[in-house]
Amino acid sequence: QLKVKIVDRSTLILDIFALHANTREGKLQVELAQLEYRVPRLTRMWTHLARQAGGRAGGATGGVGVRGPGETQLETDRREMVRRITHVKKELEGVRAHRERHRAKRQQTELQVVAIVGYTNAGKSSLFNALTKARSLAADQLFATLDTTTRQMWLAEAGKAVVLSDTVGFIRDLPHKLVDAFRATLYEATEADLLLHVVD
């Protein structure tokens, strides 16, 4: 008998993100988005225990008002997930503070930043590699790039160098709860001096 895992769109996006996150910040962002998405859905995971309790809060032998195994496990899981969310947020604050210092140092060089943006699988990484001679992953798949990659590029006609950033692809109707998983890329795009929009 064939067993098929059924997931919703948001879970699918997060699963793909998890596969492609390579940097510490990327992995933390994905974990945070996964945790925050799952917390309000925990009740669905333990309904089978509530059914086993025979409809009474305390189970077959419990009295009125006694918590059943489902509720106890639910509270334990929720508490652990909230604790982990708090820890991941603190770690992300440290990573982002480091990135902010790096960005401030980069601004002191007066190098302009060009961010390559566009929908996922439009060819952004291929263009990035062609312009910078880099070897960033370029694949015919959704969200092949999750972590922002930057390289310096010389503009011969202008007689100066710029910083080119390859960013994660956008997706239509991104669920609001998943925005944090895009945060590094969105941040890079908002701080860029020029957005190079790649359209397939």
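Scroll up to find the structure this text is about.
**Some details on the overall build of the chain**
Looking only at helices and strands, the chain has six helices and four strands in total. Reading the chain from its N end, one meets helices and strands in the order α-α-α-α-β-α-β-β-α-β. Across the 200 residues in the chain, those meeting the buried criterion constitute 39%. When contacts within the chain are restricted to residue pairs at least 6 apart in sequence, long-range pairs at least 24 apart make up 64% of them. In the structure as shown, the chain presents an accessible area of about 12,700 Å², 54% of it carried by carbon and sulfur atoms.

**A closer look at helix 5 (residues 124-132)**
Along helix 5, the residues classified as buried are Lys-124, Ser-125, Phe-128, Asn-129 and Thr-132. Buried residues of helix 5 fall within an arc of 130 degrees about the axis and therefore sit on the same side. Looking at the packing, one finds that the buried side of helix 5 touches strand 1 (112-117), strand 2 (149-155) and strand 3 (160-166). A positive phi of about 60 degrees marks Lys-133, the residue just after helix 5.

**Some thoughts on the sheet that holds strand 4 (residues 194-197)**
The mixed open sheet is built from four strands, whose spatial order is 2-3-1-4. Edge strands, defined here as strands with exactly one partner in the open sheet, are strand 2 and strand 4. When the angles between neighbouring strand axes are averaged without regard to direction, this sheet yields 30 degrees. Here helix 5 sits on the sheet in contact with strand 1, strand 2, strand 3 and strand 4, set at roughly 155 degrees to strand 3.

**Observations concerning the pattern of salt bridges**
Within this structure, the stated rule accounts for five salt bridges. Among the salt bridges present, the one from Arg-96 reaches Glu-25, with a minimum N-O distance of 3.6 Å. Here the residue Arg-96 occupies a position in helix 4 (residues 69-108), and Glu-25 occupies one in helix 2 (residues 24-38), the gap between them amounting to 71 residues. By relative accessible area, Glu-25 is classed as buried at 11%. With its nearest N and O atoms 2.6 Å apart, the salt bridge here joins Arg-84 to Glu-31. Of the two residues, Arg-84 sits in helix 4 while Glu-31 sits in helix 2, which places them 53 residues apart along the sequence. For Arg-84, a relative accessible area of 25% corresponds to the partly exposed category.

**Description of the pairing of strand 3**
Of all seven residues in strand 3, six are buried; the element is thus mostly enclosed. As judged from the five bridges shared by strand 1 and strand 3, these two strands associate in the parallel manner. For Val-113, the partnering residue across the bridge sits in strand 3 and is Val-163. In this sheet, strand 3 lies alongside strand 2 in antiparallel orientation, the contact comprising seven bridges. Bridge pairing in strand 3 places Thr-150 opposite Ser-165. Here strand 2 folds back onto strand 3 in antiparallel fashion, the turn holding four residues, of which Gly-159 has a positive phi close to 70 degrees.

**Here we look at the side chain of Thr-132**
In this structure, Thr-132 sits in helix 5. Within the structure, the side chain of Thr-132 is placed 2.7 Å from the backbone oxygen of Phe-128, a separation counted as a polar contact. Aside from chain neighbours lying at most four places away, what touches Thr-132 is Arg-151, Met-153 and Leu-164.

Reading guide: rules and limits
- Residues numbered from 1 in each chain as written.
- Predicted model: local features only at pLDDT ≥ 70, side-chain atom pairs only at ≥ 80, totals over all residues.
- Heavy atoms only, no water.
- Helix = DSSP H or I, 4+ residues; strand = E, 2+ residues; numbered from the N terminus.
- Buried < 20%, exposed > 50% of the residue type's maximum accessible area, 1.4 Å probe, protein only.
- Contact = heavy atoms within 4.5 Å.
- Areas by Shrake-Rupley, 256 points an atom, 1.4 Å probe, with all protein chains shown as cover.
- Arc of directions from axis to C-beta.
- Pairing = 2+ DSSP bridges.
- Axes fitted to C-alpha atoms, helices over the stretch in contact; angles between N-to-C directions.
- Salt bridge = Lys/Arg side-chain N within 4 Å of Asp/Glu carboxyl O.
- Polar contact = N/O pair within 3.5 Å; in protein donor to acceptor, adjacent residues only side chain to side chain.

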